[in-house]
Amino acid sequence: MSRNETPDAAPAPSPAPAPAPDDFHAVLRSLRVWDTELPGFDAGAAPAEPVVLFREWFVHAAAAGQVEPHTMSLATVDEEGRPDVRTLMLHDADGRGWHFASHATSAKGRQLAARPRAALGFYWPAVARQVRVRGRVTTGSPEESRADLAVRSRGALAAALTGHQSEVLGSVQELAEASAAAWERAGAEPDAPAPTWTAYVLDADEVEFFQGDATRRHVRLRYRRTPEGGWTRELLWP
């Protein structure tokens, strides 16, 4: 090849074929659920306390291979009364309620401060089970919030130290620089404080357990808090 010759240009990659207009509906209508043997659920033998049953179902879902059974949907309401929902992780479930954490300055933190009631939703398709929880949310003490962060991973601490959750981000580069600095600090200071990190507890007044059934004879058991502080149980139509 002489100096005046130019090499052949590499062929441009072929564009990906555009999806057919009806692909979405074709795929949507082809999907099936619960194509496996499903567990039974004897609602009459359910324990008196919903958190006991929740922990049993949680362990069962994990043992059945459910991916990330500790992820849950958290629903809150904003200042205009509009519902809001996001996915986050469960940190514990005990006699006090269902535990999670976030920045007090985040959207959910601000919404909970103004209207401290929320709902949680768990879905474990591996066993066709759902759990819905509703109740009042309280914040943990500063000591509990620090302890919650202390037992989490370096990445979780770095994310908490980065802060600014739900705020407008100027650029991806800005995030990269802040995250890198936070990662380094999390490694050097594993007990570094994140002042806005807050532990929350949802004290349930209603918990529903849903067991799917291939014949659509789903079992729904609802616990409701009584004025005396106990629980009443009732079956619901599917």
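Applying the stated criterion across every chain yields a total of 12 aromatic pairs. Centre to centre, the rings of Trp34 and Phe210 are 6.4 Å apart; their planes meet at 45°, and the pair counts as tilted. Linking Trp34 in the loop between helix 1 (23-30) and helix 2 (50-63) with Phe210 in strand 7 (residues 197-211), this pair joins segments that are 176 residues apart in sequence. The pair formed by Trp34 and Phe210 is uniform in burial state, with each residue classed as buried. Members of the aromatic cluster, joined through ring pairs, are Phe41, Trp57, Phe209, Tyr223 and Trp231. Cation over ring: Arg129 sits above Trp57, and NZ or CZ is 4.0 Å from the ring centre.

Let's shift gears to the pairing of strand 7. Counted residue by residue, strand 7 has 13 buried out of 15 residues, so it is predominantly covered. Here strand 4 (residues 97-103) runs beside strand 7; their pairing, made up of six bridges, is antiparallel. Residue pairing across strands places Trp98 opposite Leu202, the latter belonging to strand 7. Looking at chain direction, strand 6 (residues 129-139) and strand 7 are connected through 11 bridges and run antiparallel. Bridge assignment links Thr138 to a residue of strand 7, and that residue is Val201.

Mapped onto the elements of the fold, Met89 is located in strand 2 (residues 83-89). A residue is classified by how much of its surface remains accessible, and Met89, at 35% relative accessible area, is partly exposed. Contact partners of Met89, with chain neighbours within four places excluded, come to His70, Thr71, Met72, His99, Phe100 and Arg152.

Scanning the model with the defined rule gives 12 salt bridges in all. Across the pair Glu206 and Arg134 runs a salt bridge, and its minimum N-O distance is 3.2 Å. Note that Glu206 is positioned in strand 7 and Arg134 in strand 6, a separation of 72 residues in sequence. A residue is classified by how much of its surface remains accessible, and Arg134, at 43% relative accessible area, is partly exposed. A salt bridge links Arg222 to Glu234, with the nearest nitrogen and oxygen atoms 2.8 Å apart. Here Glu234 lies in strand 9 (residues 231-236) and Arg222 lies in strand 8 (residues 219-225), a separation of 12 residues in the sequence. One salt-bridge network, held together by shared partners, links Asp78, Glu80 and Arg82.

Let us now look at the side chain of Thr198. The topology assignment puts Thr198 in strand 7. A polar contact of 3.0 Å, which involves the side chain of Thr198, links it to the backbone oxygen of Thr196. If we skip the residues at most four places from it in the chain, Thr198 touches Phe100, Ala101, Ser102, Ala104, Thr139 and Ser145.

For the protein chain, mean pLDDT is 88; residues scoring 70 or higher make up 91% of the total. This model gives residues 1-9 a pLDDT under 50, and the stretch forms two contacts once residues within four places in sequence are excluded.

So, on to a nonpolar patch on the surface. On the surface, a cluster of nonpolar side chains totalling about 420 Å² of accessible area is made up of Phe24, Val27, Leu28 and Leu31. Within the secondary structure, Phe24 sits in helix 1. What makes Phe24 exposed here is its relative accessible area of 55%.

With glycine set apart, most residues show a phi of negative sign, and most peptide bonds adopt trans. Of note in this structure, Glu68 is not a glycine but carries a positive phi near 45°. Considering the arrangement of structural elements, one finds Glu68 in the loop between helix 2 and strand 1 (71-77). Positive phi, close to 70°, is recorded for Arg216, a residue that is not glycine. Relative to the helices and strands, Arg216 is located in the loop between strand 7 and strand 8.

Basis of the calculations
Residues numbered from 1 in each chain as written. Predicted model: local features only at pLDDT ≥ 70, side-chain atom pairs only at ≥ 80, totals over all residues. Heavy atoms only, no water. Phe/Tyr/Trp six-rings, centres within 6.5 Å; stacked < 30°, edge-to-face > 60°. Helix = DSSP H or I, 4+ residues; strand = E, 2+ residues; numbered from the N terminus. Buried < 20%, exposed > 50% of the residue type's maximum accessible area, 1.4 Å probe, protein only. Lys NZ or Arg CZ within 6 Å of the ring centre and 35° of its normal. Pairing = 2+ DSSP bridges. Contact = heavy atoms within 4.5 Å. Salt bridge = Lys/Arg side-chain N within 4 Å of Asp/Glu carboxyl O. Polar contact = N/O pair within 3.5 Å; in protein donor to acceptor, adjacent residues only side chain to side chain. pLDDT = per-residue confidence, 0-100. Patch = residues over 30% accessible without salt bridge, like charges linked within 9 Å, V, L, I, M, F, W, Y side chains within 5 Å. Areas by Shrake-Rupley, 256 points an atom, 1.4 Å probe, with all protein chains shown as cover.

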